[in-house]
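# Fold and contact review
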Amino acid sequence: MRDFLVAGNWKMNGSTAANTELVAGIVAGVPAGSGFSLLVCPPFPYLASVVAQAAGSAVKVGAQNVSEHEKGAFTGEVAPSMLADIGCDYVIIGHSERRALYGETSAQVAAKFLAAQAAGITPILCLGESLAEREAGTTEAVIDEQLDAVLEAAGVDAFAHAVIAYEPVWAIGTGMTASPEQAQDVHRHIRGRLAAQNENIAAGVQILYGGSMKGENAAGLLGQPDIDGGLIGGASLKADDFLAIAKAAAGLK
Ligand code: 13P
């Protein structure tokens, strides 16, 4: 009942020339079939040009971050209404790099989630534990704290218009992918926590896996019952690598 979403988080990579080539390659190579969507998330300066290039194609565009404020004296920030204005459909919220490097708290992540939805943008809420937290056996407690902050602020119904991404921090950019079973365990836990409040919402929400996903391991991960797509970093920067994951998703539908 849930479609796959294959999303590329370009992080702080790209240039006008490189993006044009990448988007052209993705648009030209979108696998045939339904049951999955493709999304690319470029850095802010390139959003509008990527929206224009992807217009009319199967590729949607999202941002990597957004302010929790509507407008005003917030130098350097970008408002959710601005993302909607230029045609963004999604925004990544609470990526572990934002939490770790820029001190974003779960409360701030929740505020950004609410602000994005208020502007009609679908938030992709990132959750994930560090290696130390996993080794200490606190993975589920960490996920619960991050998820509950948003559940308490927004309510479970808000997840009818949101995506969740489970991204174990130890798997991001390390080549150390979570095994399909490790990922499925956490995805099942996340869905179960939502189901305790509303089974229908839980059954409908897309939960993506992120962390060293690539063509070779995508089918194993995407074949798990609670994994509904990927949030891909490194392998989203080359059209062929990204499309290999999209093909794995298309092959499972
Ligand atoms: P990698 O695919 O490079 O591990 O990055 C994952 C990620 O952080 C996506 O948001």
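Refer to the structure above for everything that follows.
Structural notes, computed from the coordinates. Remember, it's a predicted structure, so these values are computed and weren't measured experimentally. (Residues numbered from 1 in each chain as written. Predicted model: local features only at pLDDT ≥ 70, side-chain atom pairs only at ≥ 80, totals over all residues. Heavy atoms only, no water.)

## A look at the site of the ligand
The condition is simple: For this description, a residue counts as near a given molecule or strand if any of its non-hydrogen atoms is within 4 Å of it. Pairing of N or O atoms within 3.5 Å defines a polar contact, subject to two protein rules: one partner must be a possible hydrogen donor and the other a possible acceptor, and residues neighboring in sequence count only if both atoms are side-chain atoms. Only the protein chains shown count as cover for residues, with accessible areas throughout obtained via the Shrake-Rupley method and a probe of 1.4 Å.
The immediate surroundings of the ligand are formed by 13 residues, with K11, H95, G173, S212 and G234 found nearest. At 3.0 Å, a side-chain N or O of N9 approaches an oxygen atom of the ligand. Here an oxygen atom of the ligand and a backbone polar atom of G233 are 2.9 Å apart. Protein contact buries 94% of the 310 Å² of open area that the ligand shows by itself.

## A short note on helix α11 (residues 239-251)
Selection criterion: Elements are defined by DSSP. Helices are runs of H or I of four residues or more, strands are runs of E of two residues or more, and each kind is numbered from the N terminus. Multiplying one less than the number of residues by 1.5 Å gives the expected span of a helix. The classification of residues rests on relative accessible area computed with a 1.4 Å probe and restricted to protein chains. Under 20% of the type maximum is buried, over 50% is exposed, and intermediate values are partly exposed.
Taking 1.5 Å as the rise per residue, α11 with 13 residues should run 18 Å; its terminal C-alpha atoms sit 18 Å apart, in good agreement. Where α11 is concerned, the buried positions are A239, F242, L243, I245, A246, A248, A249 and A250.

## Details of the state of the cysteines
Covalent bonding between the sulfur atoms of two cysteines is what defines a disulfide. Counted only if it meets this: Cysteine sulfurs are considered disulfide-paired once they come within 2.5 Å of each other.
The final tally for this structure, using the stated rule, is 0 disulfides. With no disulfide of its own, C88 has C41 as its nearest cysteine by sulfur position, at a separation of 8.1 Å. Exposure remark for C88: the relative accessible area of 5% places this residue in the buried category.

## Points about the layout of surface pockets
Taking a probe equal in size to a water molecule and rolling it over the atoms shows the remaining empty space. Operational definition: Throughout, the protein atoms alone are placed on a 1 Å grid, and a set of points is a cavity if a 1.4 Å probe fits but cannot get out or a pocket if it is open with protein on both sides within 12 Å along at least five of seven lines; lining residues have an atom within 4 Å of a point. Grid points are joined across faces, edges and corners, and a volume is the space filled by probe spheres set on the points. In the scheme used here, Gly and all other residues not listed as nonpolar or charged are polar, with Ala, Val, Leu, Ile, Met, Phe, Trp, Tyr, Cys and Pro taken as nonpolar and Asp, Glu, Lys and Arg as charged.
There is about 420 Å³ of room inside the largest pocket. Lining the largest pocket are 15 residues, with K11, M12, Q64, R98 and Y102 positioned closest to its centre. Sort the elements by how many residues they give to the lining of the largest pocket and helix α4 (residues 96-102) lands first, with 4 residues. Of the residues contributing to the lining of the largest pocket, the split by class is 8 nonpolar, 4 polar and 3 charged.

## Here's the deal with the packing of aromatic side chains
Here is the rule we go by: Only rings of Phe, Tyr and Trp enter the pairing, Trp through its six-membered ring, and a pair is recorded when the two centres are within 6.5 Å. The plane angle decides the type: under 30 degrees is stacked, over 60 is edge-to-face, the rest tilted.
All told, the structure shown has 2 aromatic pairs when counted by the stated rule. Taken together, a centroid distance of 5.3 Å and an interplanar angle of 35 degrees make the contact between F113 and F159 tilted. Of this pair, F113 sits in helix α5 (residues 106-118) while F159 sits in the loop between α7 (139-154) and β6 (163-166), and the two are 46 residues apart along the sequence. Residue F113 is classed as buried on the basis of its relative accessible area of 0%.

## Some points on unusual backbone geometry
Positive phi, close to 55 degrees, is recorded for K11, a residue that is not glycine. Within the secondary structure layout, K11 lies in the loop between β1 (4-9) and α1 (16-29). Take K11: its relative accessible area is 21%, and that puts it in the partly exposed class. Of note, the phi angle at S212 is positive, near 55 degrees, even though the residue is not glycine.

## Quick notes on the pattern of salt bridges
Defined as follows: Take a side-chain nitrogen of Lys or Arg and a carboxyl oxygen of Asp or Glu: if they are within 4 Å of each other, that pair is a salt bridge.
One pass over the structure, following the stated rule, counts 10 salt bridges. In this structure, E104 engages K112 in a salt bridge whose closest nitrogen and oxygen atoms are separated by 2.7 Å. Of the two residues, E104 and K112, neither departs from the other in class, the shared state being buried. A salt bridge links D144 to R193, with the nearest nitrogen and oxygen atoms 3.2 Å apart. Within this pair, whereas D144 is found in helix α7, its partner R193 is found in helix α8 (residues 180-195), the two being separated by 49 residues in sequence.

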